[in-house]
Amino acid sequence: MLKQLSLLALVLWLSPLLAQESCALKLSGTIIDEHDQSALSYASIQFMGSSKGVSADDKGKYELGGICPGIHTLIITHIGCKPDTVQLQINQSQERDFYLEHHWEELKTVEVESESDLEQTASTVELDSNELADSKGLPLGEILKKMNGVSSMRTGSNISKPVIQGFSANRIQILNHGVQHEGQQWGDEHAPEIDPFVSANYRVIKGAGAVKYGGGALGGFVLVEPKPLPTKPGIRGEWNGLFATNNRMGNTALMLEGNFKQIPKFSWRVQGSLKKSGNIRTPNYYQKNTGVEEYNLSYTLGYKGKSWSAQLYYSQFNSTIGIFSGAHIGNLTDLERAIERSEPRPQDQEGFSYQIRRPYQLITHELVRLELNKYLANGGKLNLKISRQFNIREEFDKERPRNRDLAALNIPEFSLSLESYIAELHWELKEWKGIQTELGGVLNRQENTVNSFVDFIPDYERQRFGIFGLAQKTFEKVGLEAGCRLDQTDLLASKLVNRQFEEFDHAFSAITSNVGASYQLSNDWKIRLNLSYAERAPAINELYSEGLHHGTATLEFGNSNLKKEKSTSLNIEAEGKWKKLSMNVQAFHQQINDFIYLSPQGVDLTIRGAYPTFDWMNTDALMNGVDAKLVYTLSSALEYTTQWNFLWAEDLRTNTYLVMIPANRTQQQLTYQWKWKEENEAIRLSATYQYVFKQNRFDKEEEIATPPEGYGLWSFSAAYPFTYGSLKGRLGLQLNNAFNTVYRDYMNRFRFYTDEQGRDLQIRLSIKF
Amino acid sequence: MKRFTRLALLFMLGATVFTACKDDDDDSVNNDNGGTTITPNEEELITTVAVIYSDTMGMAMDTFYFRDPDGDGGNSPEIDTLHLPANAVFDINLQFLDESDPNDVEDITAEIQMEDDEHFVCFEDQAGLAISIELRDSDGTYPVGLSSRWTSMGATQGQLKLSLKHQPGVKDGTCAPGDTDVEVDFPYVLN
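**Brief notes about the overall build of chain B**
Argument step 1. For chain B, the count of helices and strands is two helices and 11 strands.
Argument step 2. The N-to-C order of helical and strand elements in chain B reads α-β-β-β-β-β-β-α-β-β-β-β-β.
Argument step 3. Per-residue burial over chain B gives 21% buried out of 191 residues.

Listed below in structure tokens is the structure:
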């Protein structure tokens, strides 16, 4: 109590001092033509709802002063362009370049550091620059988890998959550099194979409504976006380093990019990262065999002509992930014993080690993408993307075969290779009577090969053909949007039945459609409404999986008679501010008919004892949720953020609950910014408390064990931006699970075996040169 | 000229990475769809447990099976009832087989014997007192359990749980450590 009082006193004492420098922030930068990177001279930038604003100079440079901290809406215009808006959270003086797609004059053209897009009425979340900087080097699933309304499903501490609106795996789509990421995403223990250092920005679009990105993503879309290639001559770069104390993780990434004066239209970027971590430490013991090794590299080559541009992107992801040895079990008796134990057996707790032994996963993912943009004379634009992806996944069991000759070969017990090709064409049409239209089509071919005797899923070939169209019209205060998409999927599975391959053929068509509206209630308040209908064809594992799920001691069987899922959803979002309080509240309601889920079928007797058996079945499901974020600006330096996430899911046919639905959670954060010299960027300190409630909405028959208790975690972070000569840097400290709390999380598939990671101090250094 | 050298270098770097990766993929085993070939990485299955009874003179013999040749799921396993003499002393030997391919039955017992320091067979009489079991083989330090001598009490019936534990590096002569490779329940009748 005394501590809290003294903190309050400190805050009260500081606030008048801080108030003096309120409304003194500066925003400056350049307004640039997105298409040929030329400066847009005399473009104007002003605050919505006030006359405050400036014009850029002849080189497109602008400087806005006297800004109060908080969320601001800026209107950016250029001759011939309709005014457009960008929402920015400004807590410190900063430089920000805005890209305007000049050729696309009457369309929505402004976007901060990303490709141009029509405005979505679906709820979209992004990380701000500080959140991005504080999550550098984390796996993708853990980065996205920092977004409001996004959580994660994990297998141990190293494998993390994003969960959006309660959905994961087959029900969300990840677009990496504009290309649908294709790996073995059906698996709960298969994390997205993407180097998090490659991307400059992450966006999550909730719900299935964004038809241009794909069909059947009932949870939503994750967009992993790079920053634009440089256009100024010279070589620049960025170095990132991360060290974490808990598992002694070292993670480093280097990026170099440039443009040559002699060939200004050509730009390039090369990037690579290395990661090594050892055994994870829970508050009371180490988890044996939980190290990770990863090396990734990528390059981008770009060419921008007068009316066209081309970009080649290549990336390779290589990862070896140790699987906690204590999570390996032989049968249900072993699992029951593991659940009864309060901590893993001594043989599964060893001291610190970097060594990765069996069981482990070895994963390689490769992406090559060629993108062409053609700006049409009438104002339209064509965008063509051709890509190829390889995904090789090898899973090594804890024990090698008993036969010594076989054991010596060290062959993975489960091995899959996936090869997929995607060709996608988007056509943004010339505006007609104020209506903006985009049409597109995609061809996708995927071939999966099982290289091991264990064939949890079979070999298959999948062809998918999709077309979409969307239109948008913006009135004074109202924006309307409608979109429709049709996907036709042909699947040919070749499955081993009684030691013979048999072929099975499936064809599914799926419609995704979407209508939405946005309404600007006042300068400060906006409402978005989105209604969508989406169908999802069953995925390969739902149709044909067969076998034992390691780690959960359950037998899982696919069902080739599954019907496609049909979802109807409504999303409502309100965003705005009132005095010092700004807020964003999103609510969603989704009903899925023929929802595909694992239904318990009693026990099956095997030679290793009895196993609970699950079959993939159709049912009807209902998901309701609310994601709310409120920011209260206490002073120019002190900000309080509170976040609440609720999700209710149920099975309508059996009147029971669904499994693996994230529990409700809340997060409180206090952020303090301190500037000791006017010309410097502010030092940032924050304290965060997250509380995850116990998942009380569960059915005993469907769960392997009772969901764990709720837990609260404290974390603290500090960031120090600095300039040294021409170098710009940022030193960040992040202390997670500060009080070494012992807890287990319902969404972690290893919750039966071990406590979660204990205290971890992460030290980050980032240098731009 | 210099800039073109640089450029060329960059492209070459790209090309090497490209091909290296393609090769990688080609190396992986490809099984031909539609054919009947099974990849060299054949999994070691245990589908059958044979309990071989013999009297202490090695004269009378009988064999009882737990059989699940189609593996997990599919058809239910076939389980024999152990018909054993009451108030008698006799020997039991175990065999573990892979009968998933009827044309190529594999005996896994030899492999278990080769790694006897990593394996341990546990017997658990669910009723408790009807049979007492003495393990008669050894890996040098601890018993293994593939051969044992049983002493039965009066006429009764019950359930016997037989499990094969895989205990590499952690074997201590008890059933607790390691993972379970086999766990079957045999009904028995003593008369």
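**Re the overall build of chain A**
Argument step 1. The helix and strand inventory of chain A stands at six helices and 43 strands.
Argument step 2. The globule rule puts the C-alpha radius of gyration for 769 residues at 27 Å, and the 26 Å found for chain A is close to it.
Argument step 3. In terms of its C-alpha atoms, chain A occupies a principal-axis envelope of roughly 80 × 65 × 55 Å.
Argument step 4. Looking at chain A residue by residue over its 769 residues, the buried ones come to 46%.
Argument step 5. Partitioning the contacts of chain A with sequence separation of at least 6, the portion at a separation of at least 24 is 65%.

**Considering the pairing of strand β36 (residues 609-633) of chain A**
Residue and element names in this part refer to chain A.
Argument step 1. For strand β33 (residues 554-557) and β36, the ladder comprises three bridges, and the chain directions are parallel. Across the sheet, residue L555 finds its bridge partner in β36, namely T613.
Argument step 2. As paired elements, strand β35 (residues 581-606) and β36 share 22 bridges and run antiparallel to each other. The residue bridging T606 from the neighbouring strand is G609, located in β36.
Argument step 3. Where β35 folds back onto β36 in an antiparallel hairpin, the turn is made up of two residues.
Argument step 4. Here β36 runs beside strand β37 (residues 638-651); their pairing, made up of 13 bridges, is antiparallel. Directly across from M623, in β37, lies its bridge partner A649.

**Details of the nonpolar core**
Argument step 1. One finds L144, V150, I172, V204, F221 and V222 of chain A to be the most contacted residues of the largest nonpolar core, which totals 46 residues.
Argument step 2. Here this core takes four residues from strand β16 (residues 220-225) of chain A, the largest share from any one element.
Argument step 3. The residues contacting F221 of chain A, other than those within four sequence positions of it, are I172, Q173, L175, I205, A210, Y213 and G214 of chain A.
Argument step 4. Among the nonpolar cores identified, the runner-up in size contains 24 residues, and L94, F120, V121 and W150 of chain B belong to it.

**Considerations on helix α4 (residues 332-340) of chain A**
All names here are of chain A.
Argument step 1. For α4, the complete set of buried residues consists of L332, L335 and A338. Buried residues of α4 fall within an arc of 120° about the axis and therefore sit on the same side.
Argument step 2. As for α4, its buried residues are in contact with β36.

**Concerning the sheet that holds strand β14 (residues 179-180) of chain A**
Argument step 1. Taken in spatial order, the five strands line up as β10-β15-β16-β13-β14 (chain A) in an open sheet, and their pairing is mixed. The open sheet terminates on both sides in strands that have one partner only, identified here as β10 (124-126) and β14 of chain A.

**Structural notes on the environment of L376 of chain A**
All names here are of chain A.
Argument step 1. Looking at the secondary structure, you find L376 in the loop between β24 (360-375) and β25 (381-396).
Argument step 2. Its 15 C-beta neighbours within 10 Å are what place L376 among the partly exposed residues.
Argument step 3. Along the backbone, L376 and Q349 are 27 residues apart, and their C-alpha atoms lie at a distance of 63 Å.
Argument step 4. With sequence-adjacent residues up to four places away left out, L376 is seen in contact with K381 and L382.

**Observations concerning the confidence of the model for chain B**
Argument step 1. Across chain B, the average pLDDT comes to 79, with 77% of residues at 70 or higher.
Argument step 2. Mean pLDDT across the secondary structure elements of chain B bottoms out at helix α1 (residues 2-27) of chain B, with 45, and peaks at strand β3 (residues 78-79) of chain B, with 94.

**Side note on the environment of V497 of chain A**
All names here are of chain A.
Argument step 1. Tracing the sequence through the fold places V497 in strand β29 (residues 478-497).
Argument step 2. Under the C-beta neighbour-count criterion, V497 is labelled exposed, with 11 such atoms within 10 Å.
Argument step 3. Residues V497 and H426, 71 residues apart in the sequence, show an inter-C-alpha distance of 42 Å.

**Description of the sheet that holds strand β7 (residues 119-125) of chain B**
Residue and element names in this part refer to chain B.
Argument step 1. Pairing within the open sheet is mixed, and its four strands lie in the order β4-β11-β10-β7. The outermost strands of the open sheet, each flanked by one partner alone, are β4 (82-84) and β7. If you compare each strand with its neighbour and ignore which way they point, the axes differ by 30° on average.

**Here's the deal with the pairing of β35 of chain A**
Residues and elements named next belong to chain A.
Argument step 1. Where strand β34 (residues 565-578) meets β35, 13 bridges bridge the pair, whose relative direction is antiparallel. Counterpart to G576 in the pairing with β35 is M583.
Argument step 2. In this structure, the hairpin formed by β34 and β35 is closed by a connection of two residues, where K579 is found at a positive phi of approximately 50°.

**Describing the confidence of the model for chain A**
The predicted coordinates should not be examined in detail at positions where pLDDT is low.
Argument step 1. Residues of chain A with pLDDT of at least 70 account for 93%, and the chain-wide mean is 88.
Argument step 2. Contacts of residues 103-118 of chain A to residues separated by more than four positions or lying in other chains number 43 contacts, the stretch itself having pLDDT below 50.

**Quick look at unusual backbone geometry**
Trans peptide bonds make up the majority, and among non-glycine residues the majority have a negative phi.
Residues and elements named next belong to chain A.
Argument step 1. Here the bond from R358 into P359 is cis, since omega is -5°, no more than 30 degrees from zero.
Argument step 2. For P359, the location among the structural elements is in the loop between α4 and β24.
Argument step 3. Positive phi outside glycine occurs at Q165, with the angle close to 50°.
Argument step 4. One can find Q165 in the loop between β12 (159-164) and β13 (172-176).

**Considerations on the environment of N296 of chain A**
All names here are of chain A.
Argument step 1. Relative to the elements of secondary structure, N296 occurs in strand β22 (residues 292-304).
Argument step 2. Residue N296 is classed as buried on the basis of its 22 C-beta neighbours within 10 Å.
Argument step 3. Sequence-wise, N296 and I194 are 102 residues apart; in three dimensions their C-alpha atoms are separated by 8.8 Å.
Argument step 4. Those residues within four positions of N296 in sequence are excluded, and the remaining contacts are D195, G272, S273, Q316, F317 and N318.

The rules we used
- Position numbers for residues count from 1 along each chain, tracking the sequence in the order it is written.
- To read the labels, note that chains go from A and ligands from 1, taken in the order they are written.
- A pLDDT threshold of at least 70 governs which residues receive local features in this predicted model, and a stricter bar of 80 or more applies before side-chain atom pairs are shown or counted, although totals over entire chains, interfaces and linings include all residues.
- A run of H or I in DSSP counts as a helix once it spans at least four residues, and a run of E counts as a strand once it spans at least two, with each numbered from the N terminus.
- Here a residue counts as buried when 20 or more other C-beta atoms sit within 10 Å of its C-beta, as exposed when there are 12 or fewer, and as partly exposed otherwise, the C-beta atoms being derived from the backbone.
- Between the two quantities, the radius of gyration covers C-alpha atoms and the globule rule is 2.2 Å times the number of residues to the power 0.38.
- Any pair of residues counts as being in contact when their C-beta atoms, constructed from backbone geometry, are within 7 Å of one another.
- Only strands joined by at least two bridges in the DSSP assignment are considered to pair.
- To form a nonpolar core, buried Ala, Val, Leu, Ile, Met, Phe, Trp, Tyr and Cys residues must be joined through C-beta atoms within 7 Å.
- Picture the helix axis, draw a direction to every C-beta atom, and the arc is the one those directions span.
- pLDDT is a per-residue confidence score from the predictor, ranging from 0 to 100.
- In this description, a line fitted to the C-alpha atoms serves as the axis of each element, helices being fitted only across the stretch in contact, and the angle between N-to-C directions of two axes falls anywhere from 0 to 180 degrees.

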